[in-house]
Amino acid sequence: MMVWWLKFVVLWLCLDVVILSTVWYAINEIRPRYPNWWKRVIVDDDPNRY
């Protein structure tokens, strides 16, 4: 029977792998295709509409 902290370590490592793989994908796949995606500004054409 596994102790509770070992279950926690396994869960932590699984989440770590998911987070690192997502960051890796974003850096290697999304960033080259959309290099300025974080710098885009949404401009409201009529700020007094509401």
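Residues numbered from 1 in each chain as written. Predicted model: local features only at pLDDT ≥ 70, side-chain atom pairs only at ≥ 80, totals over all residues. Heavy atoms only, no water.

Remarks on the overall build of the protein chain
Keep this limit in mind: The helix and strand labels rest on DSSP assignments: H or I over at least four residues marks a helix, E over at least two residues marks a strand, and numbering proceeds from the N terminus. Buried residues are those whose accessible area, probed at 1.4 Å on protein chains only, stays under 20% of the maximum for their type, while exposed residues exceed 50% and partly exposed ones sit between those limits. In short, Shrake-Rupley with a 1.4 Å probe defines the accessible areas, and a residue's cover is counted only from the protein chains shown.
Of regular secondary structure, the protein chain possesses one helix and zero strands. Across the 50 residues of the protein chain, 0% fall into the buried class. Per element, the accessible surface of the protein chain, about 5,400 Å² overall, is 68% carbon and sulfur.

Looking at a nonpolar patch on the surface
Going by this rule: Each patch is built from salt-bridge-free residues with over 30% relative accessible area, joining like charges within 9 Å and nonpolar side chains (Val, Leu, Ile, Met, Phe, Trp, Tyr) within 5 Å. A carboxyl oxygen of Asp or Glu within 4 Å of a side-chain nitrogen of Lys or Arg is what we treat as a salt bridge.
A cluster of nonpolar residues, Val-3, Trp-4, Trp-5, Leu-6, Phe-8, Val-9, Val-10, Trp-12 and Leu-13, forms a patch on the protein surface that exposes about 970 Å² of accessible area. As for its placement among the helices and strands, Trp-12 is situated in helix α1 (residues 4–33).

What about the pattern of salt bridges?
For the structure shown, the criterion picks out one salt bridge. Note that Glu-29 and Arg-33 form a salt bridge whose closest N and O atoms lie 3.5 Å from each other. You can see Glu-29 and its partner Arg-33 sitting in helix α1, four residues apart, about one turn around the helix.

Some words on α1
Let me state the cut-off plainly: In a helix, the anticipated span is given by 1.5 Å times the number of residues less one. Note that bend, as reported per residue, equals the angle between axes fitted to the 7 residues terminating at that residue and the 7 residues originating from it.
With 30 residues, α1 ought to run about 44 Å at 1.5 Å a step, and its terminal C-alpha atoms sit 43 Å apart, in line with that. Remark: the principal bend of α1, roughly 35 degrees, maps to Ala-26.

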